[in-house]
Structure formats: structure tokens, C-alpha cells
Amino acid sequence: MSSLANQLVRAEKEEIARAIRTLLGRPLVSRHDDPAAFDLIRKRRQPLIQWFDYFCGWRLVVEPRQGYARLVKVKTEPGATRPARRRRTTRAPFDRRRYTLLCLCAAELLSSPVTTIGMLAQRVVQAAAVEDGVPAFDPVRSEERAAFVDALKLLEHYGALTAMDGATDAYLDDEEAKVLYRVDTTRVIRLLAAPVPPSRVAATLPGGHPAASAGPAGEGPAGERPVGEGSPVTAELTFEARYGGDEPTATQRNLWARHSLIRRLLDEPVVHRDELTPDQAAYADSLTGRRLLRRAAGEAGFVLEERAEGFLLIDPDGIATDTRFPDDGSHAKVAALLMLDLLVTSGPVTDARLDAEAAGLLRRFPQWAKAYQSDGGGPRLAADALEVLTSFGLARRAGGRIAALPAAARYRNRPQNSGLQLQASHVQEEV
């Protein structure tokens, strides 16, 4: 093969790897927001579609004319670690009310390619009034308008809704505000990443299949069906028939083991072996499993770390990374790094010990983390820092105590090159 041909093959592989990591970090890529990324995905869409289907069981939809690419990611174990967030300054996660209004807005937007904020609000009022179990929507109340605006701004962020005249924020202060929208109905439909349409949730589906176990949650009062992590409704929405339901074949079990393991590696900061199911652990230890894990990592441009305790995928360019640690972007992340050495060196600790450690940090640096410099600030800082550590797979609550997980060892306080010391000096400089 000529040198030019080698260069072309290498360039193609690099482009595919970059596109894979781009879609993992941003499952919805629009030409309007990032034309270079979208053109790369459009150019390499066939190998990308094949890669995501083979290694993850995820569907990639590329719409060149509409100008977007949507990776339909289905989590093997649905969780609340990546909530929708408000697009306004607070960036707070959506609450139940905002999710409800988001769903109502999305449903009502399917009926017309053009609408106004007033017309949409009235349609949501009518829809909420006839839906069992959905609280009435009252746009006269300012807190209701705020929740409604947050839902609309998220739809705008995803490109499903475009303000042609006026600004959505104007509705916060004025119920009579005039805003004209153009609706991309196909994109609204693509936002939902559920294998089973919600309209079929009431149907009885086979339960207990490997990819979506209903878990211990039961029926609520008066036949109410709870929605949330591990609930029957969530299990029905995420049911994937390709894995065989209650009685999978050996081929289907093997397929589920491959897809579910690679999904976890791509979605979670670290995967510890004691968190794997027996099928996943057996697949990871098999010759075929190890070969395919390394192949998937290599083709996507990741570095795969394999340890006795688990697995870790590293993106050298940070393209697939949506949040970082260590990071001085928040006081909770700084405190998490500073308190991690306590967990690594002192073994499992109680909440009281962690609270005391956080309170000690606040006393040492009285001008730092001012939002926590008040009564009860220590426990609040400890709770936020612990949330950071658990979300990154570095700590776990067990038996009433908090213990460091094996991945936390990489952040030990080492005199020769201590991330903890560097971070502490940053706090001192800020003070």
C-alpha cells in the first residue's frame, strides 16, 4: 500500500474516532451550532452507525437535510446522574414540574410548524386539564411561567424550537409577551431516546430481561404507576426486545453482555468489577470480551486502563468528557479533592467525620467558599463534595460509612507530585 493510501486510511480512522467521541459528549449535534462537527459526522455516518450498533446497541440517526445528528443512547440502568438543566443562570436541574411541562410542550408542538408562546401556553393549559395525574398549569402564577420558560428554553437549546420574533425570557415578567416560534417537529420526535414509545407503556411487556430490570419499586396508591429510577414504567420504556426478554438465548445473553458493558464504560467515569453482573464479568474476562473492549476503545480513540479492580476509558483530548475531576470549577469539586485523601488513608469514615473535615476546611480558609461560610456550611459542603466523589466513581456509601473506591488511589497525596497539594495551593491563592 502506498504512503498516500496509508495516510488516507489513518486520516479516516482519526475522523471516525473523533466523531464517535463528539457524539458521546453531545448526543445531539446540529449544523447550526457546530458545522464542522456535523459535517464530519455526516461524512462518516455509515461507519459511525455500524460502530454504535455493533459495540453499544445504540442507534445513530443522521439527517443531512435537517442538519442534525442524534445518537439515541439507552442506558442499561437508568439513573438520575445527568438531569436536564435550566438554561438560565442558575443551571439548576429540572424538577418534576419542569419535566412535566417539557413533555406537555413537546406533545403540543407536534401539531403545528409555527406557534406563539401564548397559543402554546393555552394548549398546555388544556392538555394538563384532561391528563389524569397532571397538575393544572396556571400561567398567571410567576413560578409556573418560570417553569414553562425553562422547558421552552431547553427545547430551543436542542434546536426543536426557534424564536423567530421576540424572546422567550420576556414571558417571565409578562403573561402577554409576544413570541413567535418555528417548530422542527421531526427533531421534537428525535429528542426521546426510549426504545418503547410512551403511548405503549400501559401495555404489559415481558419483565425481568437483563437490559432493564424493574427493580423493587411497586405500584403507588390507587394504581398510580411510579416513574423514576427502577420503576416499572421506566423498565417498560427501556425494554429492548433484541435481548430476548425473560428467556434469552445464549447469543442474546452474549450480545447484552457486550452492549451493556461497553455502554457503562462509555457513560461512566470508572467501572469497578464488583459492580458488574455475573454475565458482564464473565464477558469482560473472556478472550473475546477483552479483545472487543480493546478494539472498541482503540477505534474510538480512547485509552483503556485495565486493572484488577475494574476498567477506565481515558479520552486524551477530552472531547467525550462533559465534566472533569480534578477541577477548580466549583467549591464542591475542590473540597472533594481535598477530602479524598482522608477517605483513601483513613478507611471508611462516618458522615460526622466528613462533616468535621469540611468544617475544618472552611475554618482554614475563611474567605473561600463563602456560600458555605454560615451555620451548617460544613455538612452542606461535605454533602456536595460526597456527591461529586460518588458521581465520579471514587467513593461509595456502605454500611452507614463512606469508603473510597479503588479508582480513588490515583489521587493519593504523593509528595513528589500531589494533585491534592496543587489544589490546596490554589485555594490558598484564592484566599
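Basis of the calculations
Residues numbered from 1 in each chain as written. Predicted model: local features only at pLDDT ≥ 70, side-chain atom pairs only at ≥ 80, totals over all residues. Heavy atoms only, no water. Helix = DSSP H or I, 4+ residues; strand = E, 2+ residues; numbered from the N terminus. Buried < 20%, exposed > 50% of the residue type's maximum accessible area, 1.4 Å probe, protein only. Contact = heavy atoms within 4.5 Å. Areas by Shrake-Rupley, 256 points an atom, 1.4 Å probe, with all protein chains shown as cover. Pairing = 2+ DSSP bridges. Salt bridge = Lys/Arg side-chain N within 4 Å of Asp/Glu carboxyl O. Expected span 1.5 Å × (residues − 1). Arc of directions from axis to C-beta. Patch = residues over 30% accessible without salt bridge, like charges linked within 9 Å, V, L, I, M, F, W, Y side chains within 5 Å. Axes fitted to C-alpha atoms, helices over the stretch in contact; angles between N-to-C directions. pLDDT = per-residue confidence, 0-100. Parallel < 35°, antiparallel > 145°, perpendicular 65-115°, else oblique. Left-handed = near helix turned anticlockwise from the far one by under 90°. Nonpolar A, V, L, I, M, F, W, Y, C, P; charged D, E, K, R; others polar.

Asker: Just to check I follow, could you spell out the overall build of the chain for this structure?
Answerer: When helices and strands are tallied, the chain shows 15 helices and 11 strands. For the chain, the residues scored as buried account for 41% of the 431 residues in total. Pairs at least 24 apart in sequence give 59% of the contacts found in the chain among residues at least 6 apart. Element-wise, carbon and sulfur atoms account for 52% of the exposed surface of the chain, whose accessible area totals about 22200 Å².

Asker: For this particular structure, what's the right way to read the sheet that holds strand 8 (residues 303–306)?
Answerer: The strands making up a sheet associate through hydrogen bonds between their backbones, and the pairing can be parallel or antiparallel. The strand order across the open sheet built from three strands is 7-9-8, with neighbouring strands paired in antiparallel fashion. Looking at which strands have only one partner, the edges of the open sheet turn out to be strand 7 (271–272) and strand 8. When strand 7 meets strand 9 (residues 310–314), the two strands line up antiparallel, connected through two bridges. By the bridge assignment, His272 is partnered in strand 9 with Gly310.

Asker: Just to check I follow, could you spell out the pattern of salt bridges for this structure?
Answerer: Side-chain pairing between opposite charges can occur once the charged atoms of the two side chains come close. Per the stated rule, a full pass over the model turns up 31 salt bridges. Here Arg123 ties to Glu108 by a salt bridge, and the two come within 3.1 Å at their closest N and O atoms. One end of the pair, Arg123, is in helix 5 (residues 117–130); the other, Glu108, is in helix 4 (residues 96–109), with 15 residues separating them in the sequence. On the basis of relative accessible area, Arg123 is assigned to the partly exposed category, the value being 35%. Look at Glu108 and you get buried, because its relative accessible area is 17%. Between Glu306 and Arg294 there is a salt bridge, with its nearest N and O atoms 2.9 Å apart. Separated by 12 residues along the polypeptide, Glu306 in strand 8 and Arg294 in helix 11 (residues 287–300) bring together distant segments of the chain. Residue class for Glu306 comes out partly exposed when judged on its relative accessible area of 30%. Here Arg294 falls in the partly exposed class, since its relative accessible area comes to 47%. Three or more residues are tied together by salt bridges with common partners; here these are Arg86, Arg88, Asp95, Arg98 and Asp150.

Asker: Is there a simple way to explain helix 5 in this structure?
Answerer: The periodicity of an α-helix, 3.6 residues per turn, causes residues three or four places apart in sequence to face the same way. Here helix 5 is 14 residues long and its end C-alpha atoms lie 20 Å apart, about the 20 Å a rise of 1.5 Å per residue gives. Listed in full, the buried residues belonging to helix 5 are Ile117, Leu120, Ala121, Val124, Ala127 and Ala128. Mapping the buried residues of helix 5 onto a view down its axis gives an arc of 125 degrees, with all of them on the same face. For helix 5, the exposed residues lying more than 90 degrees away from the buried face are Gln126, Ala129 and Val130. Next to the buried residues of helix 5 lie helix 4, strand 4 (114–116), helix 6 (142–157) and strand 6 (180–183).

Asker: Looking at this structure, how should I read a nonpolar patch on the surface?
Answerer: On the surface, a nonpolar cluster with roughly 250 Å² of combined accessible area is contributed by Val114, Met164 and Leu180. By the secondary structure assignment, Met164 is in strand 5 (residues 161–165).

Asker: What is the right way to read the sheet that holds strand 4 from this model?
Answerer: Taken in spatial order, the three strands line up as 4-6-5 in an open sheet, and their pairing is antiparallel. The open sheet has two free edges, formed respectively by strand 4 and strand 5, since each of these has just one partner strand. Neighbouring strand axes in the sheet, compared pairwise and without regard to direction, differ in orientation by 35 degrees on average. Bridging between strand 5 and strand 6 involves four bridges; their strand directions are antiparallel.

Asker: Which parts of the structure should I look at to understand unusual backbone geometry?
Answerer: With the exception of glycine, most residues fall at negative phi, and the peptide bonds are largely trans. For the peptide bond that leads from Phe325 to Pro326, omega is 0 degrees, which places it in the cis range. Along the chain, the position of Pro326 falls in the loop between strand 9 and helix 12 (331–346). Unlike most non-glycine residues, Ala369 shows phi in positive territory, near 50 degrees. With respect to the element layout, Ala369 can be found in the loop between helix 13 (351–364) and helix 14 (377–391).

Asker: Got a minute to help me understand the pairing of strand 11 (residues 401–404) in this structure?
Answerer: Looking along a regular strand, one sees side chains alternate from face to face of the sheet. Note that strand 10 (residues 395–398) and strand 11 share four bridges and pair antiparallel. Opposite Ala398, over in strand 11, you have Arg401 as the bridge partner.

Asker: It is not clear to me how the confidence of the model for the chain should be interpreted in this structure. Could you clarify?
Answerer: Note: predicted coordinates in regions of low pLDDT should not be interpreted at a detailed level. On average, residues of the chain score 84 in pLDDT, and 87% of them are at 70 or above. Across residues 203–228, confidence stays below pLDDT 50; counting only partners more than four residues off in sequence or on other chains, it has 48 contacts. Below pLDDT 50 for its whole length, residues 415–431 participates in 28 contacts with residues either more than four positions away or in separate chains.

Asker: Please explain the packing of helix 1 (residues 3–25) against helix 3 (residues 45–56) as it appears in this structure.
Answerer: When two helices pack together, their arrangement is given by the angle between the helix axes and the distance between those axes. In contact at an axis separation of 10 Å, helix 1 and helix 3 are set at 60 degrees when each is read in the N-to-C sense. Overall, the two elements helix 1 and helix 3 adopt an arrangement that is oblique. The element helix 1 and its partner helix 3 pack so that their crossing is right-handed. In this structure, helix 1 contributes Ile16, Ala19, Ile20, Leu23 and Leu24 to the contact, and helix 3 contributes Pro47, Leu48, Trp51 and Phe52. Taken together, the residues of the contact of helix 1 with helix 3 break down into nine nonpolar, no polar and no charged.

Asker: Just to check I follow, could you spell out the packing of helix 3 against helix 9 (residues 250–267) for this structure?
Answerer: It is at 7 Å that the axes of helix 3 and helix 9 come closest, and there the two elements cross at 110 degrees. With respect to helix 9, the axis of helix 3 lies roughly perpendicular. Here helix 3 contributes Trp51, Asp53, Tyr54, Phe55 and Cys56 to the contact with helix 9, which in turn contributes Arg258, His259, Ile262, Arg263 and Leu266. The residue makeup of the contact of helix 3 with helix 9, split by class, is six nonpolar, one polar and three charged.

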